[in-house]
Each structure stands twice: as C-alpha cells, then as structure tokens.
Amino acid sequence: MSAELRLDNIVAGYGARAVLHGVSLDVAPGSSLVVVGPNGSGKSTLMRVVTGLIRPQSGRVLWDGRDITAIDAPGRARLGLGYVPQEANVFRNLSVLDNLKLGHEFIASGGAKALRQRLDAVLALFPEIVPKLNVAAGLLSGGQRQMVAMGAALMPSPRLLALDEPSAGLSPLNASRLFEVVQRVAQTGVTLFMIEQNTRLGLAAADQGLVLVAGQVKARAPSQELLANGQLQSLYLGAH
Ligand SMILES: Nc1ncnc2c1ncn2[C@@H]1O[C@H](COP(=O)(O)OP(=O)(O)OP(=O)(O)O)[C@@H](O)[C@H]1O
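First, a word on what this report is: a plain description of the structure on this page. (Residues numbered from 1 in each chain as written. Predicted model: local features only at pLDDT ≥ 70, side-chain atom pairs only at ≥ 80, totals over all residues. Heavy atoms only, no water.)

### Brief notes about unusual backbone geometry
Working note: non-glycine residues mostly have negative phi, and peptide bonds are mostly trans.
1) Next: A positive phi is found at Asn9, a non-glycine position, where the angle reads about 55 degrees.
2) Next: Inspection of the secondary structure puts Asn9 in strand β1 (residues 5-14).
3) Next: With a phi close to 50 degrees, Glu165 is a non-glycine residue in the positive phi region.
4) Next: Mapped onto the elements, Glu165 comes out in the loop between β7 (160-164) and α6 (172-187). (Helix = DSSP H or I, 4+ residues; strand = E, 2+ residues; numbered from the N terminus.)

### Quick word on the site of the ligand
1) Next: Residues in contact with the ligand amount to 13 residues; listed here are only the nearest, Gly40, Gly42, Lys43, Ser44 and Thr45.
2) Next: Lys43 places a side-chain nitrogen or oxygen 2.8 Å from an oxygen atom of the ligand.
3) Next: Thr45 is positioned such that a nitrogen or oxygen atom in its side chain is 2.5 Å from an oxygen atom of the ligand.
4) Next: Protein contact buries 62% of the 630 Å² of open area that the ligand shows by itself.
5) Next: Contributing elements (two or more residues each) for the shell around the ligand: β2 (17-27) and α1 (43-51).
6) Next: When residues of the shell around the ligand are assigned to their parent elements, the largest contribution, four residues, is made by α1. (Near = heavy atom within 4 Å. Polar contact = N/O pair within 3.5 Å; in protein donor to acceptor, adjacent residues only side chain to side chain. Areas by Shrake-Rupley, 256 points an atom, 1.4 Å probe, with all protein chains shown as cover.)

### Section: the sheet that holds strand β4 (residues 58-63)
1) Next: Ordered by their spatial adjacency, four strands build an open sheet running β2-β1-β4-β5, and the pairing between neighbours is antiparallel. Lying at the two open borders of the sheet, with one neighbouring strand each, are β2 and β5 (66-67).
2) Next: Relative to β4, β1 is paired through five bridges, and the arrangement is antiparallel. Across the sheet, Leu5 pairs through a bridge with Trp63, a residue of β4.
3) Next: α1 rests against β1, β2 and β4 of the sheet, and its axis sits at about 120 degrees to β1. (Pairing = 2+ DSSP bridges. Contact = heavy atoms within 4.5 Å. Axes fitted to C-alpha atoms, helices over the stretch in contact; angles between N-to-C directions.)

### Re the environment of Phe126
1) Next: Counting through the fold element by element, Phe126 comes out in the loop between α4 (112-125) and α5 (142-154).
2) Next: Along the chain, Phe126 and Ala175 lie 49 residues apart, while their C-alpha atoms are 15 Å from each other.

### Brief notes about helix α9 (residues 230-237)
1) Next: When α9 is considered as a whole, its buried residues turn out to be Leu232, Gln233 and Leu237. Projected down its long axis, α9 carries its buried residues within an arc of 100 degrees, all on one side. In α9, those exposed residues whose orientation departs by more than 90 degrees from the buried face are Gln231, Ser234 and Leu235.
2) Next: Against β3 (32-36), α7 (199-205), β9 (208-213), β10 (216-222) and α8 (223-228) lie the buried residues of α9.
3) Next: Note on α9: the residue one or two positions beyond its end, Gly238, has a positive phi of about 65 degrees. (Buried < 20%, exposed > 50% of the residue type's maximum accessible area, 1.4 Å probe, protein only. Arc of directions from axis to C-beta.)

Here you go:
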C-alpha cells in the first residue's frame, strides 16, 4: 500500500543550523510509527516538520503522494493531519465538552447532527472523560487532559494523528495507562505518528519504531524488533 505520510531526505533546523540531516521515513495508512532517540536528537524538530510548524531547508513532505512541504500547519490540519502538541493542548478554562466542540468547529463542516455523531464516537473512545464533560479541562489530571486533547484532535475525523510526547509529565503508571488509550485510538484505523521519550512504552504502543540519533535515522523496524535489540537499547536509548 502507498504511504499516507512520507518524508523524503529532510534537512531541517533553526536558522542556518541543521538539526535533521537527511531524514526519510514513511507511515502506511492505518499503521503507527513512533520516533524514539536520545535527548536533543531532533525528535521535536521532526514533529515540527511533519506538522508544518517549520519548513525544511531541503527535502519533501508527501501526503498521499502529494507534495505538502509548502503547506502550513492549519492547511495540513484541513487535509486530515491532526496534531496533539505536548503542551497547551487544551483550553484550560473551557469545559471538556467545549474543548471537544471547538476541536470540531475549527476544521469540520456540517451541522449539529454531524457534531453529535463525532462527539458520540470520540466519547466512546474515551469513556474516562464522560463523567467530566462539564468540568474545566484545567482541573483534570494530566492523563485525562491528554485524552481531552486527543479527543479534540479526533473530532474532525483526521486520517493521521500526530502525538508529541504523549507521556510527558505523567507518572509511570499514568503513562502506561495513556499508551493503552493510544492503542485504542490506533485500533480505530487512524494512522499514528508519535515522538516519545519513554522508549519502552512508546515502542510497545506502535507497530513500527524509528531510532533517531543526532538527526539521522539509526534504525527503522517493527517495534518489537527494536525492543528486543539490547545493543540498540544500551547504545542509544538509555534505561527507559
Ligand atoms: N526553537 C529552537 N530554536 C533553536 N534551536 C532549537 C530549537 N528547538 C530545538 N533546537 C535545537 O535542536 C536540537 C534538537 O532538538 P529537539 O528538541 O528537536 O530534540 P529532541 O530529540 O526533541 O530532544 P528532547 O528529547 O530533549 O525533547 C537541539 O540542539 C536543540 O537545542
């Protein structure tokens, strides 16, 4: 099957400085890819290239074979590329319900019926937040807030969801619970592209893994293979 998302020889960074030195990858429709690697290896920079927050110095971003390198972040969202940033990913003063509605209204069209249908679908995925619908999102736990952020991003039915360090700031227990939720999302058929600091949890939740070191792809394989590769773990991925 053709790739939903493809990065072709991306060189990117800040000012004249390159942080990514020729990164290529692809994510097949309905599959999940997690990018892991040491601090400073360029994971966040790669996420910014995928979501359109920075323009690469060279290389191409392809979406369904179409060159979207020059399309900005809002334009990519309209094409079906959903994004959950690591921070400030909910409106803390708004209720959970209003966060979900806004997620829909930013991008999707259709009337009240379409909104209701999406709400039902999203809430079925995140039953944990149903009792909290009228609570301000800022009052939820970190894990629950991540679910609201994912739910809002899923409201317009994106084809791909990009998750920026979903376990950031969560306790180990809450992080593993959150990755169970991520797998639930993956089972709906949405394509997932994630970056993650917690190597083991991230790899365990995705089909494919990519190890990024100093802005270059060191390995790309089924996640289970990477998890079983002790040498890779000890050389590049630390104790996580
Ligand atoms: N906005 C920025 N402006 C300038 N340099 C930046 C910026 N963001 C990141 N960098 C630099 O780019 C390099 C890669 O950083 P990046 O955040 O992409 O790595 P990372 O793998 O996500 O790291 P971490 O796991 O610590 O979040 C680092 O040297 C960092 O200092």
